[in-house]
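Examination of the molecular architecture
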Amino acid sequence: MTFTKKDFEFNLPEELIAQTPLKDRSSSKLLVVDRATDQITDTNFTHILDYLSKGDALVVNETRVIPARLFGIKPDTNGHLEVLLLTNTQGDRWECLIKPARRAKKGTKIQFGEQGQLKATVVEELDHGGRIIEMEYEGVFLEVLETLGEMPLPPYIKERLNDPNRYQTVYAKHNGSAAAPTAGLHFTPQLLKQAKDKGIQVIPVTLHVGLGTFRPMSAERIEDHQMHAEFYTVSSTSAQAIEEVRKNGGKIIAVGTTTVRTLETVANENDGKIVASSGWTSIFITPGYQFKAVDHLITNFHLPASTLVMLVSAFYTRQGILNAYEHAIKEKYRFFSFGDAMLLL
């Protein structure tokens, strides 16, 4: 069946878009959907482990969000530019989005910080409207960025974030994301310890969240949409641990859509075996996709007509997801990055 963007639209009251994180990460609501029976249960995220068993594995994305939003000026005109770093392509070159893009032609110089501690030159204009910039700085780039950059919250969040760590998972380790893998924001160190005490493994992978995850769809037919590539890593230790869980009959629970995309990228086409590797993935998962590596999924509630709604629809059914979202709206669940969670069994 051919789907269009409109097939994944739904009406979301603006007041349900979570503007701030809850004080306690794990106190969010949890909507549990049994895909076999279509049964929906309302509970709390602190009860997530009630649905998992000894021998199962939570697979988490250990990426860390960098302060990727920069505000700079063009030294020749004093014009202001906003830069969102997306991907470190090579050396000191970064793929980024610049607003307003029309002021950032090839050759444009940008200066950040009152003393110009960081400088950039636009070296390439990309088809999707992005830019490649080359950075100039002294010292360690990430240290300079920590001084000058801001946490790149999504545009639908209007409130200022007082504690930047609330837009990081508690297990964030590897710098490189322009957005958080938000399903993981619900976990606390205590909850992860409880999981391990119950005999549930926590296995890390990495996918650096970039434009591919949150770029809106421009194409009307979903098969015409091209996902943007994002960098992933699955270590041999993690690949072996996942295979061991599966061999012993345990379930693989992906924490977030970025983890799903990572596992499905590295899974062997024939037998679903997880293979250690790293590289770039532009996998686009839509209804009709045959999952090879994931048994259950923990995820947040996503934007209408987004590639993420299409992914969760592929994991369940389009109508099933729309029904679950309708229930969540009726019960006033909080949506998007700082919102509540859903468990698809």
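Before reading further, recall that the structure is shown in the block above.
Bear in mind the structure is a predicted one, so any value in this text is a computation, not a measurement. (Residues numbered from 1 in each chain as written. Predicted model: local features only at pLDDT ≥ 70, side-chain atom pairs only at ≥ 80, totals over all residues. Heavy atoms only, no water.)

Okay, the overall build of the protein next. Looking only at helices and strands, the protein features 7 helices and 17 strands. Scaling as 2.2 N^0.38, a compact globule of 345 residues should have a C-alpha radius of gyration of about 20 Å, and the protein matches this with 20 Å. Buried positions account for 54% of the 345 residues belonging to the protein. For the protein, restricting intrachain contacts to residue pairs at least 6 apart in sequence, the fraction spanning at least 24 positions comes to 70%. Computing the positive centroid from 38 side-chain charges and the negative centroid from 41, the protein places the two 1 Å apart. (Helix = DSSP H or I, 4+ residues; strand = E, 2+ residues; numbered from the N terminus. Rg over C-alpha atoms; globule rule 2.2 N^0.38 Å. Buried < 20%, exposed > 50% of the residue type's maximum accessible area, 1.4 Å probe, protein only. Contact = heavy atoms within 4.5 Å. Lys, Arg positive; Asp, Glu negative; His and termini not counted. Charge placed at Lys NZ, Arg CZ, Asp CG, Glu CD.)

What follows deals with unusual backbone geometry. Each neighbour pair has its own omega, and for Lys99 with Pro100 the value is -10°, a cis peptide bond. Not every positive phi belongs to a glycine, and Asn78 is a case in point at roughly 65°. Looking at the element boundaries, Asn78 is found in the loop between strand E5 (69-73) and strand E6 (80-90). Of the residues examined, Asn78 reaches a relative accessible area of 51% and is grouped as exposed.

Moving on, we get to the sheet that holds E6. In spatial order, the strands read E5-E6-E7-E10-E9-E8; together these 6 strands close into a barrel with antiparallel pairing. Taking each pair of neighbouring strands and ignoring which way they run, the sheet shows an average axis angle of 45°. (Pairing = 2+ DSSP bridges. Axes fitted to C-alpha atoms, helices over the stretch in contact; angles between N-to-C directions.)

Our focus in this paragraph is the environment of Leu263. Note on placement: Leu263 falls in helix H5 (residues 257-266). Take Leu263: its relative accessible area is 0%, and that puts it in the buried class. Apart from the residues lying within four places of it in its own chain, the contact partners of Leu263 are Val59, Val205, Ile242, Ile252, Ile274, Ala293 and Val294.

Below, the discussion takes up the packing of H5 against helix H6 (residues 307-315). A pair of packed helices can be characterised by two numbers: the angle between their axes and the separation between those axes. Look at H5 against H6: their axes get within 11 Å of each other, and the N-to-C directions meet at 65°. Between H5 and H6 lies a crossing whose hand is left-handed. Each of Thr257, Val260 and Arg261 in H5 lies in contact with H6, whose residues at this interface are Leu308, Leu311 and Val312. In terms of residue class, the contact of H5 with H6 is built from 4 nonpolar, 1 polar and 1 charged. (Left-handed = near helix turned anticlockwise from the far one by under 90°. Nonpolar A, V, L, I, M, F, W, Y, C, P; charged D, E, K, R; others polar.)

Tallied over the entire structure, the rule returns 2 cavities of 30 Å³ or more. For the largest cavity, the full set of lining residues is Pro21, Leu22, Arg25, Ser28, Arg166, Leu185, His186, Asn300, Arg334, Ser337, Phe338 and Gly339. Approximately 40 Å³ is the volume found for the second largest cavity. Around the second largest cavity sit Met227, Arg261, Ile283, Phe284, Ile285, Thr307, Leu308 and Leu311, which together line it. Per-element tally for the lining of the second largest cavity: the top contributor is H6, with 3 residues. (1 Å grid on protein atoms, 1.4 Å probe; cavity = no way out; pocket = protein on both sides within 12 Å on 5 of 7 lines; lining within 4 Å. Points joined across faces, edges and corners; volume = space filled by probe spheres on them.)

Taking strand neighbours across the sheet as the criterion, the 9 strands line up as E2-E1-E17-E16-E14-E3-E12-E13-E15 in an open arrangement whose pairing is mixed. Every interior strand has two partners, whereas the edge strands, strand E2 (39-44) and strand E15 (277-281), have only one. Here the strands of the sheet are splayed against their neighbours by 20° on average, with no regard to which way each runs. Examined bridge by bridge, strand E14 (residues 252-255) and strand E16 (residues 296-300) share 3 bridges and lie parallel to one another. For Ala254, the partnering residue across the bridge sits in E16 and is Leu297. Across the sheet, helix H4 (residues 236-247) touches strand E3 (57-61), strand E12 (201-207), strand E13 (230-234) and E14, and the angle it forms with E12 is around 135°.

Below, the discussion takes up the packing of aromatic side chains. One pass over the structure, following the stated rule, counts 16 aromatic pairs. Between Tyr137 and Phe141 the ring centres are 5.2 Å apart and the planes differ by 55°, which places this aromatic pair in the tilted class. Geometrically, the ring pair formed by Phe301 and Phe335 is tilted, given 5.0 Å between the ring centres and 35° between the ring planes. A residue pair is termed long-range when its members are at least 10 positions apart, and Phe301 in the loop between E16 and H6 and Phe335 in the loop between helix H7 (318-330) and strand E17 (341-344) qualify at 34 residues. No difference in accessibility class separates Phe301 from Phe335, as the two residues are buried. (Phe/Tyr/Trp six-rings, centres within 6.5 Å; stacked < 30°, edge-to-face > 60°.)

On to the layout of surface pockets. In this structure, the second largest pocket spans a volume of roughly 180 Å³. Lining the second largest pocket are Ile66, Leu86, Thr87, Asn88, Trp94, Phe141, Leu142, Asn175, Gly176, His208, Phe231 and Trp280. Those elements that place two or more of their residues in the lining of the second largest pocket are E6, helix H1 (141-148) and strand E11 (174-177). Ranked by the residues each element gives to the lining of the second largest pocket, the list is headed by E6, at 3 residues. Of the domains in this structure, domain 1 (5-65 + 163-344) and domain 2 (69-150) are the two that each give at least three residues to the lining of the second largest pocket. (Domains from an automatic or database assignment.)

Looking at where Asp197 falls in the secondary structure, it is placed in helix H2 (residues 189-197). Through-space distance from the C-alpha of Asp197 to that of Gln226 is 42 Å; in sequence the pair is 29 residues apart.

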